[in-house]
Amino acid sequence: MTHDEAWRRLPDLLEDRDDAGLLAHVRACADCQRQLFLLGRVDRMLHERASAGRSTRKRSLVRALLGATAVAAAAAVLLVLFLPPQARTHRFMLRTASGRLVGEAKLAGSDARNISLSLTARSLPVRHGDVFVLWAGDERSSLQVGHFMVDRSGGCRVRFNLPDTHDWRRLWVTEPGRPTHVVART
Amino acid sequence: MTAHRSLGIPSAPPAAATDAALLRAIAAGSEEAFEELRGRYAGAVARVCRTVAGSDREDCEQEVFARIWRKAALFDPARGSPAAWLLTVARRTALNVQSSQRTPLPVERDEDAGLVEAVDVDGFWLDAALARLPERERTVIELAYYDDLSEGEIAKRLRVPLGSVKSWKRRGLNRLAGLLAEEPA
C-alpha cells in the first residue's frame, strides 16, 4: 500500500474497518500515526458535539411534553424514565496512538445509581508492567475508574461500576502513577 | 499571486491562513483577514449568541465581530488558542448583551481563559472548521455524526453513489485533522 493510499484511508480506522495492509503501513509511518491521532481527536469532538446536540433536543422534547396536558405530562415522565437507559448503552473501542485495536468497553445501565462497564482488553503493551489504570470522562470532568491487571499477552476481562451521574463518553488507559501517559483511548 | 504580507504568510491567500495569522493581520488593520475570520466563525458565534443572548442574537453577533476587530491585538498565542480567545470574546459579549444592566465585562483580562471549558472551545473550533470544508464533505460528515446516518443512508438521502459518500467523508475528516494540526498544542 502506498503512503498516499494509506493516508486517504486513515479515517476508516475510526470505524473498525481494520485492514492489515493499512495497519502495517501506519505502524511504520510517523506521519500517518500523527494524522491518525488528529483524526481521533476530530472524531471525538464530532461525537461530543453530536451528543450535546441530542441532549439539548431531548431536553426540549421533555419540556414540550411537560407543558402539555396531564396525560401528556405522564407520557413525558415515562419517556424520561425509559429513554435514558437505552441511550446509555454504548460500545467503545480502545486503540493505541498508532491505531492498533487493544480493547473494547461496553457501558450499560446497571441500576438507578450505577452504570456497568465491562472491559475486554487484548494485546495491551506489557513492557512497563501488567497493571493499568482505566479512566472515564465526560464533557467537564474525569474519573479514575480503577486499576486492572492483564495477562502476559496483555489481555483481560474486567468489570467496573461507574456512578450514573455523568454522561461518560470517553475512556482511556494509562500506566499506574503516570496519568498523562495514555496507553490507549477511545 | 498577490503577496499577503499582512497575514504573516507571504503568498498565502487568507483562506489558507491559520486563525492566529488572521488575528495578527486583523490587528494590523487587514479587512481582508477580518472578512475571512468572520466567514469561518460566523456560525460558531451565532450559536453562542443564540444560546446566551436569545432574542438579542443579531446585536450580539455584530458586537462580537466589532470587538474582535478592535481587540485582535490583545490575542496572545502563548495564553491559548485563537478559538479559545474568540469564544471568550463571544461569551463575554453575549453575557453583556443579555443583561445590559450588568457592568460590562472587559474581554482582555487575564482571567478570561477561565470563562471557557476545553470542550466548549473544541465545539466552537469545530463549527468554524466545518464551515471551511467543501459543502458536500461538510454535509456528509454532519449527516454521519449529527444525524447518526450510515453511509448507505446518506447515499440514499443525497441520491449519490455510496463510493462518493465514503470518499467525501474520508476527505472531509482528513481535512479537519489537517486544520486541527494548525492549532497550537
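Everything below is about the structure shown above.
First, a word on scope: everything that follows refers to the structure included in this document. Fair warning: this is a prediction, and the values are worked out from it, not measured in the lab.

1. Here we look at empty space enclosed by the protein
All names here are of chain B.
Then, number 1: Counting across every chain of the model gives four cavities of 30 Å³ or more.
Then, number 2: In this model, the largest cavity occupies a volume close to 60 Å³.
Then, number 3: If you trace the largest cavity, you find it lined by Asp 19, Tyr 41, Trp 125, Ala 128, Ala 129, Arg 132, Leu 179, Glu 182 and Glu 183.
Then, number 4: Looking at the lining of the largest cavity, the elements with two or more residues in it are helix 5 (118–131) and helix 8 (162–182).
Then, number 5: Residue contributions to the lining of the largest cavity peak at three residues, all from helix 5.
Then, number 6: Of the residues contributing to the lining of the largest cavity, the split by class is five nonpolar, no polar and four charged.

2. What about the packing of helix 2 (residues 31–52) of chain B against helix 4 (residues 82–98) of chain B?
Residues and elements named next belong to chain B.
Then, number 1: Direction vectors running N to C along helix 2 and helix 4 enclose 40°, while the axes themselves pass 10 Å from each other. Judged on the interaxial angle alone, helix 4 and helix 2 are oblique. Classified by chirality, the crossing of helix 4 by helix 2 is right-handed. For the pair formed by helix 2 and helix 4, the contact residues are Leu 37, Tyr 41, Val 48 and Val 52 on the first element and Ala 83, Leu 86, Leu 87, Ala 90, Arg 91, Ala 94, Leu 95 and Gln 98 on the second.
Then, number 2: Split by residue class, the contact of helix 2 with helix 4 holds ten nonpolar, one polar and one charged.

3. A word on the state of the cysteines
Residues and elements named next belong to chain B.
Then, number 1: Per the counting criterion, the structure on display carries one disulfide over all chains.
Then, number 2: At a sulfur-sulfur separation of 2.2 Å, the disulfide partner of Cys 49 is Cys 60. The sign of the S-S torsion, about -65°, decides the handedness of the disulfide formed by Cys 49 and Cys 60: left-handed. Remark: Cys 60 occurs in helix 3 (residues 57–71) and Cys 49 occurs in helix 2; sequence separation between them is eleven residues. As far as the burial class goes, Cys 49 and Cys 60 line up, both buried.

4. Section: the nonpolar core
Then, number 1: By size, the foremost hydrophobic cluster in this structure holds 71 residues, and its most contacted members are A:Leu46, B:Leu23, B:Tyr41, B:Ile68, B:Phe124 and B:Trp125.
Then, number 2: In this structure B:Phe124 touches B:Tyr41, B:Ala44, B:Val45, B:Val48, B:Ala83, B:Leu86 and B:Leu87, once residues within four positions along its chain are discounted.
Then, number 3: One finds A:Leu124, A:Phe132, A:Ala136 and A:Trp168 within the second-largest nonpolar core, a separate group that totals 24 residues.

5. Brief notes about the pairing of strand 1 (residues 90–95) of chain A
Then, number 1: Bridge analysis of strand 1 of chain A against strand 2 (residues 101–109) of chain A gives six bridges, and the strand direction is antiparallel. Among the inter-strand pairings, A:Met93 is bridged to a residue of strand 2 of chain A, identified as A:Glu104.

6. As for the packing of helix 7 (residues 151–158) of chain B against helix 8 of chain B
Packed helices, taken two at a time, are described by the angle between their axes plus the distance between the axes.
All names here are of chain B.
Then, number 1: Look at helix 7 against helix 8: their axes get within 8 Å of each other, and the N-to-C directions meet at 110°. Regarding the angle of helix 7 to helix 8, the classification is roughly perpendicular. Of the two elements, helix 7 crosses helix 8, and the hand of that crossing is right-handed. On helix 8, the residues touching Glu 151, Gly 152, Ile 154 and Ala 155 of helix 7 are Leu 162, Val 165, Lys 166 and Lys 169.
Then, number 2: Among the residues forming the contact of helix 7 with helix 8, the class breakdown is four nonpolar, one polar and three charged.

Criteria and thresholds
Each chain carries its own residue numbering, running from 1 in the written order of its sequence. Naming scheme: in the order in which they are written, chains are lettered from A and ligands are numbered from 1. Selection of residues for local features in this predicted model requires a pLDDT of at least 70, selection of side-chain atom pairs for listing and counting requires 80 or more, and totals for whole chains, interfaces and linings are taken over all residues. Side-chain metrics rest on all non-hydrogen atoms present in the structure, leaving aside hydrogens and water. Detection works on a 1 Å grid of protein atoms alone, calling trapped sets that fit a 1.4 Å probe cavities and calling open sets with protein on both sides within 12 Å along at least five of seven lines pockets, with lining residues defined by an atom within 4 Å of a point. Grid points are joined across faces, edges and corners, and a volume is the space filled by probe spheres set on the points. Put simply, DSSP marks the helices as runs of H or I at least four residues long and the strands as runs of E at least two long, and each gets a number from the N terminus on. Here the term charged refers only to Asp, Glu, Lys and Arg, the term nonpolar to Ala, Val, Leu, Ile, Met, Phe, Trp, Tyr, Cys and Pro, and the term polar to all other amino acids, Gly among them. In this analysis an axis means a line fitted to C-alpha atoms, helices contributing only their contacting stretch, and an angle means the value between N-to-C directions, from 0 to 180 degrees. The labels follow the angle: roughly parallel below 35 degrees, roughly antiparallel above 145, roughly perpendicular from 65 to 115, and oblique for the rest. Crossings are classed by handedness, with left-handed meaning an anticlockwise turn of the near helix from the far one by less than a right angle and right-handed meaning a clockwise turn. Only heavy atoms enter the contact rule, under which two residues are in contact if any of them lie within 4.5 Å. Note on disulfides: each one is a pair of cysteine sulfur atoms within 2.5 Å. When a residue's accessible area, from a 1.4 Å probe over protein chains only, is under 20% of the maximum for its type it is buried; when over 50% it is exposed; and in between it is partly exposed. Joining through side-chain atoms within 4.5 Å is the link that ties buried Ala, Val, Leu, Ile, Met, Phe, Trp, Tyr and Cys residues into a set, and such a set is a nonpolar core. What makes two strands pair is DSSP finding at least two bridges between them.

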